[in-house]
Amino acid sequence: MNVSIDGAPPQLDKLSPAAQALRQQLDGQVAEILARYPDGPRSGLLPLLHLVQSVDGYVTPAGVEYCAAALGIHKAQVAAVATFYTMYKRKPTGEYLVSVCTNTMCNVLGGQEVYDTLTELLGVGHDETTADGRITLEHAECLAACDYGPVMTVNYDFFDEVTPDGAVDVVNRLRGGERPQPSRGARLCSLKEMAVQLAGFADDRDGAVADLGAGAATLRGNRLAEQHGISVPGFDPNTPIPTGDGRNARPTAVPAANKPASDRKPAGDAPQPQDKLLSDAKGETRD
Ligand code: FES
């Protein structure tokens, strides 16, 4: 991505033909995004980059030029952001981006075996795409689902507690034109379609978003806290959240399962079993 910070930012009325084509295709959605940031349109850069990525499957030089012109900033500033975040791709990417978490938690649970198996199956390594353009494989750092490790995502939808055989099955079905159902959330879509959602536009497929709550593994800590009467002292889950404009937003209703069991017994009042185990392990004595 060759960009220079010399000179003025590109002008919307002097775009290259490729950037002009993007402008014609995306101007309505870009206007919608920028309207969300009335005090600082450049804050719209992240969704704008997702939006231009939805056209070609990656952030092209024309996409950088168009984002810069739309925001009145230099192409180098846009490129600095686009090259920092791994979700912005800088070369053509497959219809399905398969990301396997190989970070600590997933790794000890078998994430590396999953990744190695897919590498062998697909004949591609990290950030490489199969010859048919269908699948890009990448190993990912923590995908924020450690409680379901090892995890794999396809276009950012989760396949939990995945095994090498399970991952092979998912990938083979993708290659065969199927779209297997992820463990949670919406049905799979293409990476370009997902980029539109990441730009902040709703998934308008009928019934696409599954209505699932948090899973048992995610709520495990909450359940243990309930069981042992641990809660944050004095915390009221219905406390209004100040919004900074003089109003108070009501927090989203907390499901019963997420509420602290009681404020009568704050954490630290009495040693919990794990507390004692730790003390014993360290050889500490307690009164
Ligand atoms: S370490 Fe894999 S999701 Fe966190």
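Cut-off values and rules
Residues numbered from 1 in each chain as written. Predicted model: local features only at pLDDT ≥ 70, side-chain atom pairs only at ≥ 80, totals over all residues. Helix = DSSP H or I, 4+ residues; strand = E, 2+ residues; numbered from the N terminus. Buried ≥ 20, exposed ≤ 12 C-beta atoms within 10 Å, placed from the backbone. Contact = placed C-beta atoms within 7 Å. Expected span 1.5 Å × (residues − 1). Arc of directions from axis to C-beta. Pairing = 2+ DSSP bridges. Axes fitted to C-alpha atoms, helices over the stretch in contact; angles between N-to-C directions.

Enquirer: Pulling in residues and values, what's your account of the overall build of the protein?
Expert: A tally of regular secondary structure across the protein gives ten helices and seven strands. Here the protein, with 287 residues, has 29% of them falling under the buried criterion. Summarising the internal contacts of the protein: among those between residues at least 6 apart in sequence, 65% fall at separations of at least 24.

Enquirer: Which residues make up the environment of Val151, and what are the values?
Expert: With respect to the helices and strands, the residue Val151 is situated in the loop between β3 (135-140) and β4 (152-154). What makes Val151 buried here is the crowd of 27 C-beta atoms within 10 Å. Sequence separation of Val151 and Ser183 is 32 residues, and the distance between their C-alpha atoms is 10.0 Å. Every residue in contact with Val151, bar those within four places of it in the chain, is listed here: Cys101, Cys106, Leu143, Ala145, Phe158, Phe159, Asp160 and Val162.

Enquirer: Let's hear about helix α7 (residues 164-175): which residues, and what values?
Expert: For α7, built from twelve residues, the straight-helix expectation of 16 Å at 1.5 Å per residue is met to within 8% by its first-to-last C-alpha distance of 16 Å. For α7, the complete set of buried residues consists of Ala167, Val170, Val171 and Leu174. End-on view of α7: buried residues confined to an arc of 90 degrees, all on one side of the axis. Of the residues in α7, the exposed ones pointing more than 90 degrees away from the buried face are Asp165, Asn172 and Arg173. Its buried side turned inward, α7 meets β1 (96-101), α6 (111-122), β3, β4 and β5 (157-159). Directly after α7, the chain includes Gly177, whose backbone phi takes a positive value near 95 degrees.

Enquirer: Help me get a handle on the sheet that holds β5, residues and values and all.
Expert: The strand order across the open sheet formed by five strands is β2-β3-β1-β4-β5, and the pairing between neighbours is mixed. The open sheet is flanked by β2 (128-129) and β5, the only strands paired with a single partner. In this structure, β2 lies alongside β3, joined through two bridges in antiparallel fashion. Following the sheet pairing, Thr129 is matched in β3 by Thr136. Here α6 sits on the sheet in contact with β1, β3 and β4, set at roughly 145 degrees to β1.

Enquirer: Quick one: what's the story with the pairing of β1, residue by residue and with numbers?
Expert: Counting buried positions along β1 gives six out of six residues, so the element sits mostly inside the fold. Of the two faces of β1, the one carrying Tyr96, Val98 and Val100 and the one carrying Leu97, Ser99 and Cys101 are both buried. Sheet topology places β1 next to β3; six bridges connect them, and they run parallel. Each residue of the ladder has a partner; that of Tyr96, found in β3, is Ile135. In this sheet, β4 lies alongside β1 in antiparallel orientation, the contact comprising three bridges. By the bridge assignment, Val98 is partnered in β4 with Val154.

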